[in-house]
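Okay, here's what each chain looks like letter by letter:
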Amino acid sequence: MKASKLLKIIRKNLEGYPIDYLRNKATDDRYKDPLTKKLAKYNSSVYDEIYETEIKDDFEIKDGVIKNIQSDIGFYFDRYASGDAQTREFTKNIALYLTLIAKMPLHPYTEDKNDDVYCFNGEFYCKGRARYIHDERSLCRYCVCRNVSFSGMF
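The structure reproduced in this document is the subject of the present report. (Residues numbered from 1 in each chain as written. Predicted model: local features only at pLDDT ≥ 70, side-chain atom pairs only at ≥ 80, totals over all residues. Heavy atoms only, no water.)

Remarks on the overall build of the protein
When helices and strands are counted, the protein shows 6 helices and 3 strands. Reading the secondary structure of the protein in the N-to-C direction produces α-α-α-α-α-β-β-α-β. Relative to the 2.2 N^0.38 estimate, which gives 15 Å for 154 residues, the radius of gyration of the protein is 16 Å and therefore close to what a compact globule would have. Projecting the C-alpha coordinates of the protein onto the three principal axes gives extents of approximately 45 × 40 × 35 Å. Every one of the 154 residues in the protein was classed for burial, and the buried ones make up 38%. In the protein, the share of contacts with a sequence separation of at least 24, taken over all contacts with a separation of at least 6, comes to 57%. Of the accessible surface of the protein, which amounts to about 9600 Å², a share of 51% is contributed by carbon and sulfur atoms. (Helix = DSSP H or I, 4+ residues; strand = E, 2+ residues; numbered from the N terminus. Rg over C-alpha atoms; globule rule 2.2 N^0.38 Å. Buried < 20%, exposed > 50% of the residue type's maximum accessible area, 1.4 Å probe, protein only. Contact = heavy atoms within 4.5 Å. Areas by Shrake-Rupley, 256 points an atom, 1.4 Å probe, with all protein chains shown as cover.)

Structure, rendered in structure tokens:
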């Protein structure tokens, strides 16, 4: 499937998602966990990016890869994070966009090497990838992040 076609499908699948709820979650004082706020901010910005993106140099994405990601996200939700159908659909489409079109990390990142996911010299690194990539049907297999070497952790 062409990336431009997948992007159209992702946009259609996200229609009607209550994005304002997610945007507000990033600043709402009722949510005390900084990671929850960071994820809300990252995912709502990715949502906006999906609608702003224009693919100039279209490229092919293997249908099998798309199906594998979708299936692995379903597995993840079934095992770790039972959520409503709307949250699953949102997560699936955000993940497809990030991994296959934007080639960006699945998790929020910064430029700070002290954070778990960071960008350094144009490359993305994740301190947890080496540990989680071996989990059954791990989404880390699709993420663009590199493993952090031992020396890179300090």
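Examining the sheet that holds strand E3 (residues 146-147)
Pairing in this open sheet of 3 strands is mixed, and the strands run E1-E2-E3 from one edge to the other. Looking along the sheet, the strands with just one partner apiece sit at the ends: strand E1 (117-120) and E3. Of the strand pairs in this sheet, E1 and strand E2 (residues 123-126) are connected by 4 bridges, and their pairing is antiparallel. Bridged to Val-117 within E2 is Cys-126. (Pairing = 2+ DSSP bridges.)

Looking at the state of the cysteines
If you walk through the whole model with that rule in mind, you get 0 disulfides. With no disulfide of its own, Cys-140 lies closest to Cys-126 among cysteine sulfurs, the gap being 6.1 Å. Exposure remark for Cys-140: the relative accessible area of 19% places this residue in the buried category. (Disulfide = S-S within 2.5 Å.)

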